[in-house]
Amino acid sequence: MQGVAAIPTGVSELDRVLAGGLVPGSVTLLGGEPGIGKSTLVLQALASRAAAGSRVLLASAEESAHQVRRRADRLGDIPGELLVLPVTSVAAIEAAVDDTRPELVVVDSIQSVVAGDGVAARSAASGSVARVRECAELLVAMAKRTDVPTVLVGHVTKDGSLAGPRALEHLVDTVLSFEGDRHHALRLLRAVKHRFGPTGEIGLFQMGAAGLAPVDDPARLLLGDRRPGAPGGTVVAVLEGRRTLVAELQALVVRSTTQQPRRAAVGLDLGRLAMTLAVLQRHTDLPVRMVDVFTSVVGGIRAAEPAADLAVALAVSSAITGVPVPADLVAVGEVGLTGEVRQVADLPRRLDESARCGFTRAIVPRSAPPGPDGMHVVRVDSVGQALAHLDLVALVPSAGARGTCPGTLLA
Ligand code: TYD
Ligand code: MG
């Protein structure tokens, strides 16, 4: 199907991820946790096509036509060319597609449709993998037969088991994953699989009162409420596909009351956090073993890559000592088990974006290339050197001299 013109959905960030739009006869699976905004995204795409004069069909198996209309009211005028079909059977969807020959059909969601006339459905286990797969196979066959691009919405559960959708990935042409933290506005759309283009593009959206809007400058959202000068905060630049996100990573430490101190991570890899803490314990005087450590990446994004290690080390050290990391500093580097700070992928890109966001200092691995104009780059060999440079260890007394440290945990 290479070379067939894709139909732009009209939702710019979605088209960016799709490398142009939806290819005729293709099947796209849109997965994401409940409440993340899947129904909103597909409705906006449908409304945009309908506003351009194309007949499009929404097979709404979860929500009544009334509920869809209420959602649509928030998004503005819904053109008459958008047909909303509140059905739960694949047979009815096929009949409607044959009948109306839409330019695009969306099934929301694949977990809530059934193959036959809907009677067997109620007895079969709702959303069971076998049933979901059977329905998906029928809808894939429909897309190929009619050449109508078909989007299947699929719910993904919090623990990452895509109950159903994962089992569908090999059946479909494109798998999109809609991610983010429901409690934050920022949403990331990525192509996990894409038969018609590269998978590196990321779509960024902001959920607001009138639906999803594209985000041109994620830094404004991610750094907007930062409290510069507060101990425990460090800024890091992470890669998301071809985008660079500059975000704040925070650590909070409290004196532990248990034998086994707690370690918690939101948006970070817990295994990497444990490793970075072990490095701090082994290579500095910080009382890592005595404290519970809570870490989080602000804004609901993930910074699970090794390049965030150095920022984690600085944030935790800052939280323990009470000494803030300078507000104009960004930290990027992988931390090795011997305490060395190692190279990371695409450092120039990370520093360019950091400079654009107003950061004037960077702490990076020794081997780093020159930074962008106007950015002071500090190269370090080891975590210890990085902490010393920022006065995060100089204030940590060795045993017997605890009174000099400003951090309450060490006093
Ligand atoms: P929804 O698209 O229903 O999520 P999903 O289909 O993935 O379960 O929308 C999720 C949330 O977004 C819901 O809590 C309401 C909110 N929302 C807005 O904040 N603004 C809007 O304009 C719309 C339509 C929804
Ligand atoms: Mg929904």
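These numbers come from a predicted model, not from an experiment.

The residue V246 is located in strand β11 (residues 243-255) in this model. For the pair V246 and V236, spaced 10 residues apart in sequence, the C-alpha to C-alpha distance is 5.7 Å. In contact with V246, other than residues within four places in its own chain, are L222, L223, V235, V236, A237, E353, S354, C357 and F359.

To continue, consider the layout of surface pockets. Of the volumes computed, that of the largest pocket is approximately 970 Å³. The wall of the largest pocket is formed by 42 residues, among which E33, E179, G180, G300 and R302 lie closest to the centre. Those elements that place two or more of their residues in the lining of the largest pocket are β1 (27-32), α7 (165-168), β6 (174-180), β7 (186-194), β10 (233-240), β12 (263-266) and β13 (291-297). A total of six residues in the lining of the largest pocket trace back to one element, the largest contributor, which is β6. By residue class, the composition of the lining of the largest pocket is 20 nonpolar, 11 polar and 11 charged. The volume enclosed by the second largest pocket comes to roughly 330 Å³. Listed by contribution, the elements that provide at least two residues to the lining of the second largest pocket are α2 (38-51), α3 (65-75), β5 (150-155) and β8 (202-208). Of all the elements, α3 adds the most residues to the lining of the second largest pocket, at five residues. Across the lining of the second largest pocket, the residue classes tally to five nonpolar, eight polar and seven charged.

Moving on to the pattern of salt bridges. Within this structure, the stated rule accounts for 23 salt bridges. The closest approach of N and O atoms between R145 and D98, which form a salt bridge, is 3.2 Å. Taken together, the residues R145 in helix α6 (residues 129-146) and D98 in helix α4 (residues 90-100) connect sequence positions 47 residues apart. Relative accessible area serves as the criterion here: at 33%, D98 is assigned to the partly exposed category. Where D381 meets R366, a salt bridge forms, and the shortest distance between an N and an O atom there is 2.9 Å. Within this pair, whereas D381 is found in the loop between β18 (376-380) and α12 (383-389), its partner R366 is found in the loop between β17 (361-365) and β18, the two being separated by 15 residues in sequence.

Turning to the confidence of the model for the protein, a few remarks are in order. Averaged over every residue, the pLDDT of the protein is 89; residues scoring 70 or more account for 90%. Across residues 394-408, where pLDDT falls below 50, the model places 24 contacts with residues more than four positions away in sequence or in other chains.

Turning our eyes to something else, we now look at the side chain of R190. Position of R190 among the secondary structure elements: in strand β7. Polar side-chain contacts of R190 include one of 2.8 Å to the side chain of E179. The residues touching R190, leaving out its near neighbours within four places in the chain, are V17, V175, L176, S177, E179, E201, I202 and E240.

This brings us to α6. The end-to-end C-alpha separation of α6 is 26 Å, in line with the 26 Å expected for 18 residues at 1.5 Å each. D147 lies just past α6 and shows a positive phi near 70 degrees.

Another point: the packing of α2 against α3. At a closest axis distance of 11 Å, the pairing of α2 and α3 adopts a crossing angle of 70 degrees. Taken together, the axes of α2 and α3 are roughly perpendicular relative to one another. In this structure, the crossing between α2 and α3 has a hand that is right-handed. Listed contacts from α3 to S39, T40, L43 and Q44 of α2 are V68, R71, A72 and L75. Classifying every residue of the contact of α2 with α3 gives four nonpolar, three polar and one charged.

Below, the discussion takes up the domain arrangement of the protein. Splitting the protein by domain gives domain 1 (12-216) and domain 2 (221-410). One C-alpha centre belongs to domain 1, the other to domain 2; they are set 39 Å apart. Taken together, the contacts link 15 residues of domain 1 with 10 residues of domain 2. In total, about 1100 Å² of surface goes out of reach between domain 1 and domain 2, with carbon and sulfur atoms giving 59% of it. In this structure, the connection of domain 1 to domain 2 is made through three salt bridges. At the junction of domain 1 and domain 2, the tally comes to six residue pairs in polar contact (both at pLDDT 80 or more). Of all elements in the fold, only α1 (12-17), β7 and β8 reach the threshold of two or more residues within the side of domain 1 that touches domain 2.

Rules used throughout
- Residues numbered from 1 in each chain as written.
- Chains lettered and ligands numbered in written order.
- Predicted model: local features only at pLDDT ≥ 70, side-chain atom pairs only at ≥ 80, totals over all residues.
- Heavy atoms only, no water.
- Helix = DSSP H or I, 4+ residues; strand = E, 2+ residues; numbered from the N terminus.
- Contact = heavy atoms within 4.5 Å.
- 1 Å grid on protein atoms, 1.4 Å probe; cavity = no way out; pocket = protein on both sides within 12 Å on 5 of 7 lines; lining within 4 Å.
- Points joined across faces, edges and corners; volume = space filled by probe spheres on them.
- Nonpolar A, V, L, I, M, F, W, Y, C, P; charged D, E, K, R; others polar.
- Salt bridge = Lys/Arg side-chain N within 4 Å of Asp/Glu carboxyl O.
- Buried < 20%, exposed > 50% of the residue type's maximum accessible area, 1.4 Å probe, protein only.
- pLDDT = per-residue confidence, 0-100.
- Polar contact = N/O pair within 3.5 Å; in protein donor to acceptor, adjacent residues only side chain to side chain.
- Expected span 1.5 Å × (residues − 1).
- Axes fitted to C-alpha atoms, helices over the stretch in contact; angles between N-to-C directions.
- Parallel < 35°, antiparallel > 145°, perpendicular 65-115°, else oblique.
- Left-handed = near helix turned anticlockwise from the far one by under 90°.
- Domains from an automatic or database assignment.
- Buried area = accessible area lost by both parts, 1.4 Å probe.

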